[in-house]
Structures are given as C-alpha cells and as structure tokens.
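Per-entry structural report
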There are 2 protein chains.
Amino acid sequence: MTDLPAGYRALDAKALANYLAELKPVALRLGGSPQSWSIEEVGDGNLNLVFKVHGPAGGVIVKQALPYVRLVGEAWPLPLSRAHYEHMALSGQRRLTGALVPEIYHYDERLALIVMELLEPHIIMRRGMIAGTVYPKFADEISTFLAETLFHTSDLALTADVKKAMIGAFSGNTALCKITEDLIFTDPYRIAKLNRWTRPQLDPYAERFRGDGDLKVAISRLKLKFLSSAEAMLHGDLHTGSVMLTAEDTRVIDPEFAFMGPMGFDIGAVLANFLISFFSQAGHEEGPGARDSYREWILETFTSIWEGFAAKFLALWETQAKGDAYPSDLFQGPLGVARLAGERQAYMQRLWADTVGFAAAKMIRRILGLAHNIDLEWIKDADMRARCEARVLTLARDMMVNSGDYPTPQSIVAAARHFDQWQPPLGG
Amino acid sequence: MTDLPAGYRALDAKALANYLAELKPVALRLGGSPQSWSIEEVGDGNLNLVFKVHGPAGGVIVKQALPYVRLVGEAWPLPLSRAHYEHMALSGQRRLTGALVPEIYHYDERLALIVMELLEPHIIMRRGMIAGTVYPKFADEISTFLAETLFHTSDLALTADVKKAMIGAFSGNTALCKITEDLIFTDPYRIAKLNRWTRPQLDPYAERFRGDGDLKVAISRLKLKFLSSAEAMLHGDLHTGSVMLTAEDTRVIDPEFAFMGPMGFDIGAVLANFLISFFSQAGHEEGPGARDSYREWILETFTSIWEGFAAKFLALWETQAKGDAYPSDLFQGPLGVARLAGERQAYMQRLWADTVGFAAAKMIRRILGLAHNIDLEWIKDADMRARCEARVLTLARDMMVNSGDYPTPQSIVAAARHFDQWQPPLGG
C-alpha cells in the first residue's frame, strides 16, 4: 500500500453523515439533522468513492480517494495524494473560470476527501452524446475553460518564479501521470496485459499498429513532450466523461491527473472525444442517417471548440500578457506589434499541431488500450462497433503520423466525413 | 535582503580558519595548525566569496554565497539558496562524471558554503585561450561531461517519477534562472540600463538588433523553450570561465545556475564561447596570421565537441536507455531497432538546431548585454575589438534566425572562417 497516512479511513455512509455533521457550513447547506440526510455512493469512475448527499435544504457531493484503483482493487495501489492535486487544480480552475467547475465547500487532506457542489440535473456529457443530445453552449464554455486555464498558467501570463513554483507544486503527482504515460503513450503500441479490443474484428488493426514504426516514433515524440514540456497546468483527463452539463450549464470535474504539461494534451482530449462520438453515432442511430443532423452538430462543435479556444487564447495574450515569455518590450511600435501578431499565429499553429497529435493518441488508447469509452462499448453489435472503431483508428493513425496534413479543424472534419462512409475490412 | 537564514554570516579569513579547524577531515587534509594555514580570497566572479586555503599537507577551496550580487553590491540581492542548488548539481555531476568536477569535502547549508577540491595548477580556460594555449584533451572531456550529465538526467535515462522529483528539487532556483532570462534572452534586444557595448563603434549593430523583428521572435522562442522545456539537469552557465584545466585535466566548476532545462542551452554555451574565442584571436595575435594554427585548433575542437557529444550521447542511449521515453518495447526486432536508430538521428538533429540557437544567444549577450568576456574585453584597441565583436554578432544573428542553414558544426566553421575575413563597417 502506498502513502496511507495516519488518520485516513475510507468512509461509509454512516461515517460520512457523522463527519459532515461536524462541518457546520456543510451541515447548514444540507439542513435538518444527519438522520434526515440521504447518502448514496454513486462512484462509477475507476478510482474513487463518490457520495451524493441530500438534505432537506440542499445537497453536496463528497469525493474520497481510495488507496488503490477502484476498478482493479488493492492489487493496484494509487496514492491518496491525488486528492491533494485534484484540490489544488480545482481551486485554480475555480479561480480562473468561475462556475465552469464545481464550487469546493471543504477539503480534508488527511481523509483525501473533497466536499463540493452537487450538480443537478447535470449528466455526464458522454451519456448525453450517446443519447444524441445537443449542447448549444458547450463549445463556448469548454473553449473558455481551456483558454483561461491554459493561458493563465503559462509563461505568457506568469512570471518564471510563479510558474516554477507551480511546476514544483505539481511535480509529485507522478502516479497519476504514470497511468497516462503507460496507458495512452505506450501500451496500445505493444503487447500489454491490460490491452483489450473488439476481437477478432480488430485483431489486424492491433497487430498492424504494434508493427507500425512511423506510428511508434510519432507516439514516442508525443510521450517525450508529455514528459518534458511544462507549458501550463493541465486538467490531464479532459474527456467527455469529465464534463457534467445541461443545455444551460457546463462543468468540468475530476482534475486529479493535473500537472504542468503540454497544452495540446488537454485540447486534444476534448477533440478526440468528439471524433469518437462522431464515429460512434452509426452504432446508436435508429436507422441509417437518423443521426445525420447530430453528426453535423458534433463536427460544427469540433471546429468551434478549437476556433473559440484560439480566439480567446489570443485575446488573453493580447490583453493580459504579464508573463516572462515574449516580453512586450521587445515588440514595440507598429512593426513590433505586427511582428508579434504574426508570431502569435505561428504559436497557435504549433499548438494546433500538438493538439492533433495528442487527440490521435487519445483516440487510439480508447480502442486498443485498457480504458474504453461507452460511446463505443455500448454498441452491442460487435461488427458495427468494430467498424466504428476501425474508422476512429484509421483517422487517428493518419492524424498522428501526418499531422501536417491536418492544418485546420476543417481538414479533420473533411477526413472524418470521408472515413465515416468507409467500410473497413474486419478480421475474424 | 532575501532569505538570510539565522546563523548565516559572511566569513573572513580568520573566521574561516576557525570554521575549518572544526571540520576534522578538512583540517587533516590541510595539516598543521590553523595558524599555519594561508587563506587568500580569490573570487573574481560576479557573485561569491572564494577562498584558497593552503596548509602544510594540502589545500582546499571554500566558496561561500553572499546574499547579493558581488559585482553590483547589496542593491542587487540574490538568495543564498543558490549554494544549495550548486551543491545538489555538483553532487550529481560528480556521481555522473567522476573527476570532471571538483570533489566536495563539506557542505554547510546554513552558511551557504562549500569546501571542495583545490585545483592546482589549473587555470580558467578562458585565460588559457586568450594566451593561445592548446588543450588537446578538452573536446573529449567536455563532450563526456555533456553527454553524461545530460543523458543521465533526461527522460531517456530516468523514469518519470525520478525525473519529476528532480524538476521539483530544482524548481526553487528561480533567482538564478531569472538572471539568465533577463540578461541573455531579453535585455540585449531592448534598451536596458545594464546593457553595454563598444561605443560608438557598435552603436549601429545594437540599434539594428533592437529593431530586428525576426531576431526578436527567434530569441523569444528560445526563451520560451528555456522557460518550459525540462529536458535534463543543466549546468546553466557552461562558458569557458566555468572550466578550470591543464593540458591533462579538465574540471567544470560553478553550477549554481543549475536547473532542469533544455539540453541545447549547455551545449550551446560551450560552442558559443569557442566562437567568441575564435573571433577574438585577431585582437590577441602578435601579428596578422600569428594565431592561425590556434584558430585551426579552436575550429577543430568546436566540431569535435559536438561530434564527441553526439557519439557519446547516442552510445549511452543505445546501451543505457532505462528511462520512460522511447520505450524499448516499442522498437523490437530488426525493423524496430532500425526505426529507433533513425529516430535517434532525428532527435540529435533537433538537439543540434536548439544548440545553434542557444549558442547564438550566448554570443550576442556577451557583446550587447551586461556581462562581457575578457576574450574581447582585453583587446585594448577599441576598433579592433569592435571588428571582432561585429563578426561575432553577425554570425550569431544568422545562426539564430536561420538555424536551418547550419545543419552541422562544419557549416558554422565555414561561416566563421568567412566572417573572420570580413571587414565590418563600424559606427562613430
């Protein structure tokens, strides 16, 4: 067992009620007596206990880290310190984005426990997208989240001493980073015990990917960037399962994988999950073409996320560049301002190229690695599922190896439309 | 005043003798009684007290940080913690390179003081190169130093948790990093109080550089890399004034600027100082051409440093790659091994491009920024000095903006020969 501190114990409903009763602001928020509270353990993630607590006056969510991976059990220990990093990231995101993340009511480092805002009637975005639900405000809100959190924790906004302090503060979150390093950047490209995929239909794809030298060089370059580029504070796991929302309100949750890393990893995570959802629609629609308008919304939103992010990030850079990178002293006068404006575009183009690569990595891991998405898993017909998955894999492989061929989100959208019509050969 | 800890006091010779008398192993090494020791303060650097201590049996060097920049005085405070980082880096370099750095005899965190090996009859390399001294072993030894320290602290050699712990451990050395960020990556390209240059001869160059948009974009990209790329543990100030040597023995000293940064910064520092020395020879030779064979040695050594480094770094990668980057699992079999071999070459080419840019930055700062090199400063004829400096600046500017035009050390050597014949126009 890893760093189990004195005083830690995993709470059950009864222990939690007693605990919350002692937290006056939380008890007041719930109202009534602890006996009147309903407490339900609802954790459907892989790692933690999550309790939904309702009282007569209101509700809260309580998230407690377990000293092991819940999905696997005590055989896979995982340090409780992830609650510390989650709390640190969530606090920073709250400060930077306001109500785009849950409000924190209480944090207990000893119990690795966070009491936070209950989001109702929000649902996990992935489930909404499987149901074909349109979220008209999502592109605007997630692009704000990305721009505000990434810009304000980068060298464009921070002086080097403050940024290095953040790097130091997150440098201990190694166990969570290692999950990413192994499951996203390594295992899908080698024989690994935890890998799984739709068999035998995708056997030829899995085998081909394991033998694809260009792809393995590309994923290794991305891994090196993940290991060594401390560009900004990342959420670190920004898929559509880390978003809870309604048509009106978007919240990003679960930043326990947070660390100082390459910006494209977070942006790519969002975009990857949109492409996965796009290709999964064939497995969810009632008849061929029934989800066509939903497909259009997905692809429009895909483009809007990047374009919204880029516009907001550039606006922040133009107005709030108080960091040590690209010092304004060097770009004075009309010529200097014009030259910096050009360089900002070049910077965004480099960030886009990173984003394309990281998005591809996130797509491939969901099909050939350990952790799959219900977007695809819930497609019962294995041949149908495998066809959707083969389309995701084929586009992702090309995005990673030939990222220069995808200079804009529109170029990926065009390729996605093409591959969605393609009938991939299957094994077995 | 910054972090002056309880118990810190700057030592004078008498206090130092009393202090060393209490350190039994050091006292034994010196031999005799404290009264028999000769203590001389020899610090000619910009930051610290340095004492040379001789006793009947042997000698030691004592380096103590002052809470301010010695060159400037108490008006420029500088944290004593730099001794902590110097000790940490020196210990790591000693472990990795053996006798390529001084042995540490004692470290006192409270006094910010390191007692270390006295290097005699070593001299500062820069002084040797001004005198035209050939160091036949230098290319081999410095390339070993670079390869061993950079490889073994990179993601190629370390698992991510160990590397992140190093990043965290060095993340507090912000004051020293800021000196680099300001004096190398910013000030030479703007009007700054501390800048100085040979006036009026170089006035047109200084003005042109301050108005050069391409150059300012290029230096800003390098600065961003310096701020955000934690590739390996750097010495951080690896010029020829940080090397003490004889014809037989090379030692790297003074790693107080150490932090986890981009590898090309250290390699570029060495190469930059060789180019500066090359162009300075015209100001030191007894008659035109008298130093021609020395020039040849400098240029041959310039090439050998990179080639030696690249060969040793690649050999380490081939035999000791225990890190998380480029996992060997992904590159199995003849095809995998061949593909990884190709990627290693591509990696070295990217590192070379970084190196060229950082070398250029180090050349420019020594002529337009605060801290100059005696290679050039000791040229008494200001017109002669300015001509040498204009050659350095002109090559450096092209290296930084058009680094792709310099794919090999030989291409820089060819350009250096060309510019050494060039009669630059001077201002005034």
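Residues numbered from 1 in each chain as written. Chains lettered and ligands numbered in written order. Predicted model: local features only at pLDDT ≥ 70, side-chain atom pairs only at ≥ 80, totals over all residues.

Right, let's talk about the overall build of chain A for a bit. Summing up its helical and strand segments, chain A has 15 helices and 12 strands in all. Here chain A has a C-alpha radius of gyration of 22 Å; the compact-globule value for 428 residues is 22 Å, and the two agree. Counting only C-alpha atoms, chain A reaches 65 × 60 × 40 Å along its principal axes. Residues counted as buried form 51% of the 428 residues belonging to chain A. Partitioning the intrachain contacts of chain A with sequence separation of at least 6 by distance along the chain shows that 74% fall at a separation of at least 24. (Helix = DSSP H or I, 4+ residues; strand = E, 2+ residues; numbered from the N terminus. Rg over C-alpha atoms; globule rule 2.2 N^0.38 Å. Buried ≥ 20, exposed ≤ 12 C-beta atoms within 10 Å, placed from the backbone. Contact = placed C-beta atoms within 7 Å.)

With that settled, the discussion passes to the sheet that holds strand S2 (residues 48-54) of chain A. All names here are of chain A. The antiparallel open sheet is built from 5 strands, whose spatial order is S1-S2-S3-S7-S6. If you trace the sheet from one side to the other, it starts and ends with strand S1 (38-41) and strand S6 (104-108), each paired once. Adjacent strand axes in the sheet meet at a mean angle of 15 degrees when their direction is disregarded. Both strand S3 (residues 59-65) and strand S7 (residues 113-117) contribute to a ladder of 5 bridges, which runs antiparallel. Residue Lys63 lies in a different strand from S7, and its bridge partner there is Ile114. In this fold helix H1 (residues 13-21) packs onto S1, S2 and S3, with an angle of close to 130 degrees to the strand it touches most, S1. (Pairing = 2+ DSSP bridges. Axes fitted to C-alpha atoms, helices over the stretch in contact; angles between N-to-C directions.)

Cis geometry marks the peptide bond from Glu120(B) to Pro121(B), where omega comes out at 5 degrees. Summarising the element assignment, Pro121(B) is placed in the loop between strand S7 (113-117) and strand S8 (123-124). Positive phi, close to 55 degrees, is recorded for Ala112(A), a residue that is not glycine. Note on placement: Ala112(A) falls in the loop between S6 and S7.

Moving on, we get to the relation of the copies chain B and chain A. Of the transformation superimposing chain B on chain A, the axial component is 0.0 Å and the angular component is 180 degrees, with the fit at an RMSD of 0.0 Å. Here the two chains are linked by the operation of a two-fold rotation axis. Interface residue correspondence from chain B to chain A reaches 100%, placing this contact among same-surface, isologous pairings. (Least-squares fit on C-alpha atoms with pLDDT ≥ 70 in both.)

This paragraph deals with the environment of Val401(B). All names here are of chain B. Structurally, Val401 can be placed in helix H14 (residues 382-401). Taking the C-alpha atoms as reference, Val401 lies 5.8 Å from Leu215; in sequence the two are 186 residues apart. Apart from residues lying up to four places away in sequence, Val401 is in contact with Asp214, Leu215 and Ala218.

All right, on to the interface of chain B and chain A then. Listed per partner, the contact involves 38 residues of chain B and 38 residues of chain A. Every element with two or more residues in the side of chain B that touches chain A is listed here: helix H6 (160-170), helix H7 (174-183), helix H9 (213-228) and helix H12 (333-368) of chain B. The greatest single-element share of the side of chain B that touches chain A, amounting to 8 residues, is contributed by H9(B). When grouped by side-chain class, the residues that make up the side of chain B that touches chain A number 15 nonpolar, 10 polar and 13 charged. (Nonpolar A, V, L, I, M, F, W, Y, C, P; charged D, E, K, R; others polar.)

Before going further, it helps to spend a moment on the sheet that holds strand S8 (residues 123-124) of chain A. A sheet is described by the order of its strands in space; here 3 strands give the open sequence S8-S10-S11 (chain A), paired in antiparallel fashion. Across the chains shown, the open sheet's two edge strands, defined by having one partner strand only, are S8 and strand S11 (250-252) of chain A.

Below, the discussion takes up the domain arrangement of chain A. Looking at the assigned domains, one finds that chain A contains domain 1 (13-117) and domain 2 (123-421). Each of domain 1 of chain A and domain 2 of chain A has a C-alpha centre, and these two points are 27 Å apart. (Domains from an automatic or database assignment.)

So, about the pairing of S7(B). Two faces, one strand: in a regular strand the side chains alternate between the faces of the sheet. The buried fraction of S7(B) amounts to 4 of the 5 residues, a majority that puts the element mostly inside the structure. Joining the antiparallel neighbours strand S6 (residues 104-108) of chain B and S7(B) is a turn of 4 residues, in which Ala112(B) adopts a positive phi near 55 degrees.

Okay, H1(A) next. Residues and elements named next belong to chain A. Within H1 the residues assigned to the buried category are Leu16, Ala17 and Leu20. For H1, the angular spread of the buried residues around the axis is 100 degrees, confining them to a single face. Those residues of H1 that are exposed and angled more than 90 degrees off the buried face are Lys14 and Asn18. Check the buried side of H1 and you find it contacts helix H2 (24-30), S1, S2 and S3. (Arc of directions from axis to C-beta.)

Across the interface, helix H7 (residues 174-183) of chain A lies against H6(B) with an axial gap of 10 Å and an inter-helix angle of 135 degrees. On the basis of their axis angle, the class for H7(A) and H6(B) is oblique. Crossing of H7(A) against H6(B): the hand is right-handed. Facing H7(A), whose interface residues are Thr174(A), Cys177(A), Lys178(A) and Glu181(A), H6(B) presents Ala160(B), Asp161(B) and Lys164(B). Within the contact of H7(A) with H6(B), the residues separate by chemical class into 2 nonpolar, 1 polar and 4 charged. (Parallel < 35°, antiparallel > 145°, perpendicular 65-115°, else oblique. Left-handed = near helix turned anticlockwise from the far one by under 90°.)

What follows covers the nonpolar core. If you look at the biggest cluster of nonpolar residues, it comprises 219 residues, and the most contacted ones within it are Leu271(A), Leu275(A), Val392(A), Leu271(B), Leu275(B) and Val392(B). Aside from chain neighbours lying at most four places away, what touches Leu271(B) is Phe302(B), Ile305(B), Trp306(B), Thr355(B) and Ala359(B). (Core = buried A, V, L, I, M, F, W, Y, C linked by C-beta atoms within 7 Å.)

All names here are of chain B. Following both chains from N to C, one finds helix H10 (residues 263-280) and helix H11 (residues 292-320) inclined at 170 degrees, their axes separated by 9 Å at the closest point. Classified by the angle between their axes, H10 and H11 sit roughly antiparallel to one another. For the pair H10 and H11, the contacting residues are Ile267, Val270, Leu271, Phe274, Ser277 and Phe278 in the first and Arg295, Ile298, Leu299, Thr301, Phe302, Ile305, Trp306 and Phe309 in the second.

In this section: the environment of Ser171(A). Here Ser171(A) lies in the loop between helix H6 (160-170) and H7. When the C-alpha atoms of Ser171(A) and Tyr85(A) are compared, they prove to be 9.8 Å apart, with 86 residues separating the residues in sequence.

The subject of this paragraph is the environment of Asn273(B). Residues and elements named next belong to chain B. By secondary structure assignment, the location of Asn273 is in helix H10. Given 26 C-beta atoms within a 10 Å radius, Asn273 is considered buried. Expressed as a C-alpha distance, the spacing of Asn273 and Val217, which sit 56 residues apart in the sequence, is 23 Å. Residues contacting Asn273, with those up to four places away along its chain left out, are His239 and Thr240.

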